[in-house]
Structure formats: structure tokens, C-alpha cells
Amino acid sequence: MKNHREKGPRKVTAISGPMFADKTNEMIHRLELASFAKLTVQAFKWTGDTRSAADEIEGHNGVRYPAISVDKARDIFQHLKTGVRIIGIDEAQFLDEETPFVVQELSQSGIGVILTGLPTDFRGEPFGCFPILEAQAHKVHRRFAICSYEVSLGEICGKKATQTQRFKDGEPADFDDKVIVVGAEEQYQAVCPLHHRVPGHPRLRMWC
Ligand SMILES: [Zn+2]
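Residues numbered from 1 in each chain as written. Predicted model: local features only at pLDDT ≥ 70, side-chain atom pairs only at ≥ 80, totals over all residues. Heavy atoms only, no water.

## Considering the overall build of the chain
Per the secondary structure count, the chain includes 4 helices and 15 strands. Principal-axis analysis of the C-alpha atoms gives the chain an extent of 65 × 30 × 30 Å. Within the chain, the fraction of its 208 residues that count as buried is 47%. Here the analysis covers contacts within the chain between residues at least 6 apart in sequence; of these, 71% occur between residues at least 24 apart. Surface summary for the chain: the accessible area is close to 10800 Å², and the carbon and sulfur share equals 53%. For the chain, the separation between the mean place of its 27 positive charges and that of its 28 negative charges on side chains is 8 Å. (Helix = DSSP H or I, 4+ residues; strand = E, 2+ residues; numbered from the N terminus. Buried < 20%, exposed > 50% of the residue type's maximum accessible area, 1.4 Å probe, protein only. Contact = heavy atoms within 4.5 Å. Areas by Shrake-Rupley, 256 points an atom, 1.4 Å probe, with all protein chains shown as cover. Lys, Arg positive; Asp, Glu negative; His and termini not counted. Charge placed at Lys NZ, Arg CZ, Asp CG, Glu CD.)

This is how it looks when you write it as C-alpha cells:
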């Protein structure tokens, strides 16, 4: 039987979008499909992502999947099972700047990589290495959420949400706030560009 490693690099797939775009569930679904075909798969996430237990990832609807937490992308190599064919990396924007090189090495060694991540942070700025990972990916699935901004009492916007809004003490978080705040869902909302508010943003000041 031919070794799959003879066939060249394996596909890198990026599942990209704001929070509440169901990205983790999409990745779990793809990993499960591969498991049905008896391929060895594994999932990874950053240790600082404490929204779920250290040994699992969890979609917003509560679906869970076993995962290994790593401090840095390169740590993934220490945990690879023999013969692993596909790995998933959840919320890849959180991982360090070496992540694009690690993903390339994994792909070149015959391992398919599925990444989820936010292309932009709460300010609308590029988030970590994810824009580079998207550029490297063989396939990018751009997902969107639904804008849950309350236009008036009881009336929700409902347009396509491409941005992640952060709140601090119930108000839109300032541009100068910390970029990485792994928090409860109450701190975040998916919004369309019109309803994305970032007080102090040098380019969006007119909206605030
Ligand atoms: Zn909206």
C-alpha cells in the first residue's frame, strides 16, 4: 500500500469568521467525518483558551470534542499520534507567530490541517497570524454570523455579521483595550459592519 506521505502536501483548510459563526462546530463535523472513514484525527487548541475544559473544544451549541491544549504551535509535534492524517486547530489566531511555519511543516509531512479562527479582533484589526494562515490555506471557508444588534426595542438587525463586538461594563470596548480577552459570551456579540462600534478607533471615530 502506498504511503500517503508520497502524495505531497496535504490540504490546509481555514474556517474563518467572527464569533458565533459556528466555526468550531464546522471543524468538529469535518473531524468526525474523517473518523468515520477510520482516519486518525486530532484536535488542538491554545492553553489560554479556557472557555472549555483543557482537554476539549466546544461549539457554541454545547457540542464537545476531545482536544489537546498547547502553549505554542510547535508543541503540537510532541503530541501527534502515529499515522495521524488530519488535525484541527481551534481559534488559531491565539497561537504564536510560528504557527504559519508549523502548519506548513504539518502539511508538507502529509497531515491535513483544519484551522478555525477570527481574521479580525474586536477592533476590526488583523488578529494574530490568522490572516497569514488564511493566505496560506488551500481552501478558505468564510463564515458569517447574524448581527444581533438591537436597532430599537425588540428589533434585531439580522444582517450578515462579519465583526466581533466586545463589551466592557456593558459598553463597546475601547480601541486601546487588550486584544486577547478570553471571556464569556456576554462580553461579545456578532455584528454587521454598520453596528460595529469601537470608541477611539482612529479610522472609525466618526461612528462613535
Ligand atoms: Zn447590524
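## Points about the coordination of the zinc ion
In the first shell of the zinc ion, the protein supplies C147 (SG), C157 (SG), C192 (SG) and H195 (ND1), at 2.2 to 2.4 Å from the metal. Each donor residue of the zinc ion lies on one chain, and together they are spaced C-x9-C-x34-C-x2-H. We classify C192 as buried; its relative accessible area is 4%. (Donors = N, O, S within 2.8 Å, 3.2 Å for Na, K, Ca; no water.)

## Some points on the packing of aromatic side chains
For the structure on display, the rule yields 2 aromatic pairs. Consider the rings of W46 and F94, whose centres lie 5.3 Å apart with planes at 45°: the pair is tilted. One end of the pair, W46, is in strand β2 (residues 41-46); the other, F94, is in the loop between β6 (86-89) and α3 (99-108), and 48 residues separate them in sequence. Between the aromatic rings of F94 and F127, the centroid separation amounts to 6.0 Å while the plane-to-plane angle is 80°, which identifies the pairing as edge-to-face. On the criterion of sequence distance, the pair formed by F94 in the loop between β6 and α3 and F127 in the loop between β7 (112-117) and α4 (130-136) is long-range, its members being 33 residues apart. The pair formed by F94 and F127 is uniform in burial state, with each residue classed as buried. Taken together, the aromatic side chains of W46, F94 and F127 make up a single cluster linked through ring pairs. Above the ring of F122, the side-chain terminus of R166 is found at 3.9 Å from the ring centroid. (Phe/Tyr/Trp six-rings, centres within 6.5 Å; stacked < 30°, edge-to-face > 60°. Lys NZ or Arg CZ within 6 Å of the ring centre and 35° of its normal.)

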